[in-house]
Amino acid sequence: MSNIVITGAGKGLGKAISERFGKEGSNFYLCSRTQSDLDSLESELMKLNSNNKVTKIICDISTASGVDFIFNTISEITDRVDLLINNAGVFLPGEISDPDCNNLEQQMNTNFWSAYRLTRLLLPAMKSSRTGTIINMCSIASLDAYPGGSHYCISKFALYGFSKCLRQELIPYNIRVISVLPGATWSNSWSGVELPEERLMKAEDVAEVIYTAYSLSNNAVMEEVILRPQLGDL
Ligand SMILES: NC(=O)c1ccc[n+]([C@@H]2O[C@H](COP(=O)([O-])OP(=O)(O)OC[C@H]3O[C@@H](n4cnc5c(N)ncnc54)[C@H](OP(=O)(O)O)[C@@H]3O)[C@@H](O)[C@H]2O)c1
């Protein structure tokens, strides 16, 4: 069974990805700040496949100590990570030119530094075993800036840059690095937005693509995945 680490697993895309992998049976290391989300996800995963094993890691991934806690928890159980999905993230609106908007640091910490720190901690074991897959949840906002979302875009450009550099660095170690760049997808972050259901993608569709990317043979890597709502970006 694969050892799978998923950050931001409690809701939205992270939950859908966990459930997709849960159909097959895996050892999960699931992170978020909300215990109740991970408790109900664990019940769901056990219903999907009784071979699933879940380690719930409650922490704030935006801090270095939170990331250390994730690494230490995993390390007490295993030194083998087959799949790391750096998914945790937050969207906060805001513009560079607004003097009252100070949310860049929070988004950099959650959307970029968490992935950078956790990957660096897990990499030595992955490199020495010369195996593994790392998936970074970037965004269409990693490709194009848009008004009202500047600080989010900066953090997602950073994550995408990190992911592209990592891909090059890890080729000699047989570790696959995949950048996933979804457009608007129904999740907690869109709650309260009044749009027809078909206007946004389903989290299950993004999860299915990630599952397929992981399932390819080690001879192939789905380097970059761009997914958009069929009706275009919002
Ligand atoms: N939905 C979209 O349209 C869309 C499009 C492109 C990319 N993305 C990216 O996809 C990823 C998931 O987004 P989503 O829409 O599924 O968001 P979501 O529904 O809000 O879920 C985010 C998850 O991350 C966790 N999280 C957030 N901040 C955290 C922190 N400081 N420490 C630990 N866990 C934290 C949340 O749990 P707690 O709050 O309980 O900690 C939650 O489980 C993000 O990186 C997002 O930028 C989303």
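Shown above is the structure to which this text applies.
Criteria and thresholds
Residues numbered from 1 in each chain as written. Predicted model: local features only at pLDDT ≥ 70, side-chain atom pairs only at ≥ 80, totals over all residues. Heavy atoms only, no water. Pairing = 2+ DSSP bridges. Helix = DSSP H or I, 4+ residues; strand = E, 2+ residues; numbered from the N terminus. Axes fitted to C-alpha atoms, helices over the stretch in contact; angles between N-to-C directions. Buried < 20%, exposed > 50% of the residue type's maximum accessible area, 1.4 Å probe, protein only. Salt bridge = Lys/Arg side-chain N within 4 Å of Asp/Glu carboxyl O. Contact = heavy atoms within 4.5 Å. Expected span 1.5 Å × (residues − 1). Arc of directions from axis to C-beta. Lys, Arg positive; Asp, Glu negative; His and termini not counted.

Caption draft 1: Region of interest: the sheet that holds strand 3 (residues 53-58). Within the open sheet, the 7 strands sit side by side as 3-2-1-4-5-6-7. Their pairing is parallel. One side of each edge strand has no neighbouring strand; the edge strands of this open sheet are strand 3 and strand 7 (224-227). Strand after strand, the sheet turns through a mean of 15° between neighbouring axes, direction not considered. For strand 5 (residues 133-137) and strand 6 (residues 176-182), the ladder comprises 5 bridges, and the chain directions are parallel.

Caption draft 2: Spotlight on unusual backbone geometry. Positive phi outside glycine occurs at R130, with the angle close to 50°. Tracing the backbone through its elements, the reader meets R130 in the loop between helix 4 (104-129) and strand 5. On the accessibility criterion, R130 (43% relative accessible area) is partly exposed. Positive phi outside glycine occurs at N174, with the angle close to 65°. Checked against the element boundaries, N174 lands in the loop between helix 5 (150-170) and strand 6. You can call N174 partly exposed: its relative accessible area is 40%.

Caption draft 3: Fine view of the pattern of salt bridges. For the structure on display, the rule yields 10 salt bridges. Salt-bridge contacts for K15 lead to E19; the nearest nitrogen and oxygen are separated by 3.2 Å. Placement of the pair is K15 and E19 together in helix 1 (residues 12-22), with a separation of 4 residues, close to one helical turn. For K15, a relative accessible area of 32% gives the class partly exposed. Note that E208 and R20 form a salt bridge whose closest N and O atoms lie 2.9 Å from each other. Taken as a pair, E208 in helix 6 (residues 203-215) and R20 in helix 1 lie far apart in primary sequence, 188 residues in all. Residue class for R20 comes out buried when judged on its relative accessible area of 13%. By sharing partners, the salt bridges in this structure join R20, E24 and E208 into a single network.

Caption draft 4: Broad picture of helix 1. In terms of residue burial, helix 1 counts as a mostly covered element, since 9 of its 11 residues are buried. Residues of helix 1 that are buried include every one of L13, G14, A16, I17, S18, E19, R20, F21 and G22, and no others. Summarising the contacts, the buried residues of helix 1 are in contact with strand 1 (3-7), strand 2 (27-32), helix 2 (35-48), strand 4 (83-86), strand 5 and helix 6.

Caption draft 5: Quick peek at helix 2. Between its first and last C-alpha atoms helix 2 spans 20 Å; for 14 residues at 1.5 Å apiece the expected length is 20 Å, and the two agree. Those residues of helix 2 lying buried are D37, L38, L41 and L45. Viewed end-on, helix 2 has its buried residues packed into an arc of 85°, placing them on one side of the element. Buried-residue contacts for helix 2 involve helix 1, strand 2 and strand 3.

Caption draft 6: A look at the side chain of K156. The residue K156 is located in helix 5 in this model. It is D60 that comes nearest to the buried, bridge-free K156 among opposite-charge side chains, at 14 Å. Ignoring any residue separated from it by four or fewer positions in sequence, one finds K156 in contact with N111, M137, C138, S139, A141 and S142.

Caption draft 7: Spatial organisation of the environment of S32. Relative to the helices and strands, S32 resides in strand 2. Taking the C-alpha atoms as reference points, S32 and N51, 19 residues apart in sequence, are found 22 Å from one another. Beyond its immediate stretch of four places on either side in the chain, S32 contacts A9, G10, L38, I57, I58 and C59.

Caption draft 8: View of the pairing of strand 7. Judged by which residues are buried, strand 7 turns out to be one-sided: V225 and L227 face inward and are buried, whereas E224 and I226, on the alternate face, are not. When strand 6 meets strand 7, the two strands line up parallel, connected through 4 bridges. Counterpart to L181 in the pairing with strand 7 is I226.

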